[in-house]
Amino acid sequence: MKLDISTLTSAYADGGLTPEVVLDEVYARIAARGERPVWITLVPKEKAFAALARAPRGPLWGIPFAVKDNIDVAGLPTTAACPDFAHVPERSARVVELLEAAGAILVGKTNMDQFATGLVGTRTPYGICSSVFSDRHVSGGSSSGSAVAVAAGLVSFALGTDTAGSGRVPAAFNGIVGLKPTKGLVSTRGVLPACRTQDCVSVFAATTADALAVLEVAGVPDPQDPYSREARVVAEEWPDGFRFGVPAEGLEFFGDVEAEKLFHQAVARMESLGGIAVPIDFSPFRDAARLLYSGPWVAERLAAIKDFARARPEAMDDTVRGIITGAERLGAVAAFEGFYRLAELTRAAEAQWARMDVLLLPTTGTIYRIDEVLADPVRLNTNLGYYTNFVNLMDLSAIAVPAGLRPGGLPFGVTVLGRAFQDGRLAVLADRLHRALPGAVVPGPAAVPRPAADRVAVAVVGAHLAGQPLHWQLVERGARLLATTRTAPGYRLYALPGTIPPKPGLVFDGTGAGGIEVEVYEMDHAAFGGFVAQIPPPLGIGTLTLADGAEVKGFLCEGHAVAGAEDITHLRGWRAWIARRSS
């Protein structure tokens, strides 16, 4: 049973699955695998079913998910992987409230590097997670359990946090997608801070479309979070000839020759998607990365738990304690010097951004065995942050996707990075890169681009499809194809009698199984007005919901016109009806 959001949503709609069956399977898988080391606290099965019984039928209805154990859930302990720190909050984090309001079902809270300090997943008393590809290699951290829960097929998606790469490194080591949104796009109210000014809630999922669907629910401004920021997530396509930066010097793979080969193959795939590789100076980004643990931001980790760290240092992991309590030596002068240096580096990076639209990097240069990390915990952890530590400091958005397997079977990943609030556009590009991976089987529909601000997206379902008699009306208006996809469940398709040329009628009544094939085009506002003026009754333009939850303008039919018309919903599209009639 596949647990990706699009597969489950379609299966629920057509009756092929129920959320009850899915939850039964999820708990059976967890029992077979064992709770440790993935889970710190598991929601009892009967409580998960009770939550399902009262869950709203929103866009994530019946979708099982997990959260990292530094994210509050009402009535469950928050430990941050430190048992003596545990406390039980009365209210869930804002992001959990939003997901549950959309119908998602929480399964449990996951293991992590203690106090979200680490990229390895080994700094925890609850057992060390390993990569799903190798029980000898690290899972990545600090969001270790969340990544493994998704990669092992235990939940559809999971929340992590990402300050230095914790939402991207575990994705790379487990062959899944890790979306690190722009700072402030998802509320961190109810999340135990690591570095409060830099923290993000991240999303692990099987596909970028799934991650984007979660972000569209969770990315709501929060007036009670002083770091919340308001922005619309726009999933636009990149035009051919987009420029992607690749370090001219400073690429570091720490002796991992196979990782280096896989990165250069990813560069070639990005070029095959219409991108132009641009060599850039990586030094401002690299130098900014060094500031996160050597500069004043480590003092934020102490500020988050100072009373506990001072009163109970013996309760902390040795490595974590050394990092956090070491901040006691930092003063205000050092803090301002760090801020000044970051401003200089960010200004220097602007010259590189002027030459590129996005930046393509390895998520990590290599992967380590668990025993190697335990023997050398600080240096190897630092190596893993080489391509990740600067991202939040420089207010960038990022999404990590799989980029192949080494000959021995260990995974490799790349990250596509952009400016703040480019999250949606990055997701579309990263999805294309993921699907272009040789041998990749990516479930569900692609992430559907959204139109530019000065253009309108319109979904066509019948005679305006490519190759059909009225397609010329789109061509003459300069319409550009954004995607071929399907509607959300709930739509029914009819063959309207007596129409010339033959036309279908699309009606939403909430009962249609699966989704109906559509093509989504974009055109400017003037062209859209002329296009709508040519549409004869009983057809018209309304708002359609697509399989990935996006809303676009599209053809709908007046309800009276389908009385007595042939219901062709089971064919899932107009082309299938044309083919059947022709045969």
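Residues numbered from 1 in each chain as written. Predicted model: local features only at pLDDT ≥ 70, side-chain atom pairs only at ≥ 80, totals over all residues. Heavy atoms only, no water.

Trainee: Just checking my understanding: could you explain the sheet that holds strand S13 (residues 411-419) for this structure?
Mentor: The strands that make up a sheet are held in pairs by hydrogen bonds between backbone atoms, and each pair lies either parallel or antiparallel. What the 11 strands build is an open sheet, ordered S1-S3-S2-S6-S8-S7-S12-S13-S11-S9-S10; its pairing is mixed. Each having just a single partner strand, strand S1 (39-42) and strand S10 (276-281) make up the two edges of the open sheet. Going across the sheet, the axis of each strand differs from the next one's by a mean of 30°, ignoring polarity. Summarising the sheet, strand S2 (residues 64-68) and strand S6 (residues 157-162) pair through three bridges and their orientation is parallel. Within S6, the position partnered with alanine 66 by the bridge is alanine 158. (Pairing = 2+ DSSP bridges. Helix = DSSP H or I, 4+ residues; strand = E, 2+ residues; numbered from the N terminus. Axes fitted to C-alpha atoms, helices over the stretch in contact; angles between N-to-C directions.)

Trainee: Would you mind showing me how to read the layout of surface pockets here?
Mentor: Any empty space left between atoms is shown by rolling a water-sized probe over those atoms. Here the second largest pocket defines a volume of roughly 570 Å³. Sorting the residues of the lining of the second largest pocket by element identifies helix H5 (144-151), strand S12 (396-405) and S13 as the ones contributing at least two each. Considering every element that reaches the lining of the second largest pocket, the biggest residue donor is S12, with three residues. (1 Å grid on protein atoms, 1.4 Å probe; cavity = no way out; pocket = protein on both sides within 12 Å on 5 of 7 lines; lining within 4 Å. Points joined across faces, edges and corners; volume = space filled by probe spheres on them.)

Trainee: Looking at this structure, I do not really get the pattern of salt bridges. What am I missing?
Mentor: Where charged atoms of side chains with opposite charge meet at close range, the side chains can pair. Tallied over the full model, the rule gives 31 salt bridges. For arginine 480, the salt bridge identified is with glutamate 522, shortest N-O distance 3.0 Å. Of this pair, arginine 480 sits in strand S15 (residues 480-486) while glutamate 522 sits in strand S18 (residues 517-524), and the two are 42 residues apart along the sequence. Of the residues examined, glutamate 522 reaches a relative accessible area of 6% and is grouped as buried. (Salt bridge = Lys/Arg side-chain N within 4 Å of Asp/Glu carboxyl O. Buried < 20%, exposed > 50% of the residue type's maximum accessible area, 1.4 Å probe, protein only.)

Trainee: What is the right way to read helix H4 (residues 94-101) from this model?
Mentor: In an α-helix, one turn spans 3.6 residues; hence positions three or four apart end up facing the same way. Among the residues making up H4, those that are buried are Val95, Val96, Leu98 and Leu99. The buried residues of H4 all sit within an arc of 160° when viewed along its axis, so they share a single face. On its buried side, H4 packs onto S2, S6, strand S8 (200-205) and helix H7 (208-218). (Arc of directions from axis to C-beta. Contact = heavy atoms within 4.5 Å.)

Trainee: Hey, could you run me through empty space enclosed by the protein in this one?
Mentor: Overall, the coordinates contain two cavities of 30 Å³ or more when judged by the stated rule. Estimated volume of the largest cavity: approximately 80 Å³. Contributing to the lining of the largest cavity are Val461, Gly462, Ala463, His464, Leu470, Lys503, Pro504, Leu539 and Phe555. Residues that form the lining of the largest cavity fall into these classes: six nonpolar, two polar and one charged. Considered as a void within the structure, the second largest cavity measures approximately 30 Å³ in volume. Lining the second largest cavity are Phe115, Thr117, Pro193, Ala194, Arg301, Ala304, Ile305 and Ile324. Looking at the lining of the second largest cavity, the element that brings in the most residues is helix H10 (residues 298-311), giving three residues. When the residues that make up the lining of the second largest cavity are grouped by side-chain class, the tally is six nonpolar, one polar and one charged. (Nonpolar A, V, L, I, M, F, W, Y, C, P; charged D, E, K, R; others polar.)

Trainee: How should I be thinking about the sheet that holds strand S20 (residues 551-557) in this particular structure?
Mentor: Taken in spatial order, the five strands of this open sheet run S15-S18-S14-S20-S19, and their pairing is mixed. A strand with exactly one partner marks an edge of an open sheet, and here the two such strands are S15 and strand S19 (539-545). Neighbour-to-neighbour, the strand axes of the sheet open up by a mean angle of 35°, direction not taken into account. In the sheet, strand S14 (residues 455-460) pairs with S20 via two bridges, with the strands oriented parallel. In the sheet register, valine 458 faces S20, and the bridge partner there is lysine 553.

Trainee: Explanation requested: the packing of helix H9 (residues 283-294) against helix H12 (residues 332-353) in the structure shown.
Mentor: A pair of packed helices can be characterised by two numbers: the angle between their axes and the separation between those axes. At a minimum axis distance of 9 Å, the contact between H9 and H12 shows a crossing angle of 155°. Compared by their axis directions, H9 and H12 come out roughly antiparallel. When you trace H9 past H12, the crossing you get is left-handed. Residues Pro284, Phe285, Asp287, Ala288 and Leu291 of H9 form the contact with H12, whose participating residues are Gly338, Arg341, Leu342, Leu345, Ala348, Ala349, Gln352 and Trp353. The residue inventory of the contact of H9 with H12, partitioned by class, reads nine nonpolar, two polar and two charged. (Parallel < 35°, antiparallel > 145°, perpendicular 65-115°, else oblique. Left-handed = near helix turned anticlockwise from the far one by under 90°.)

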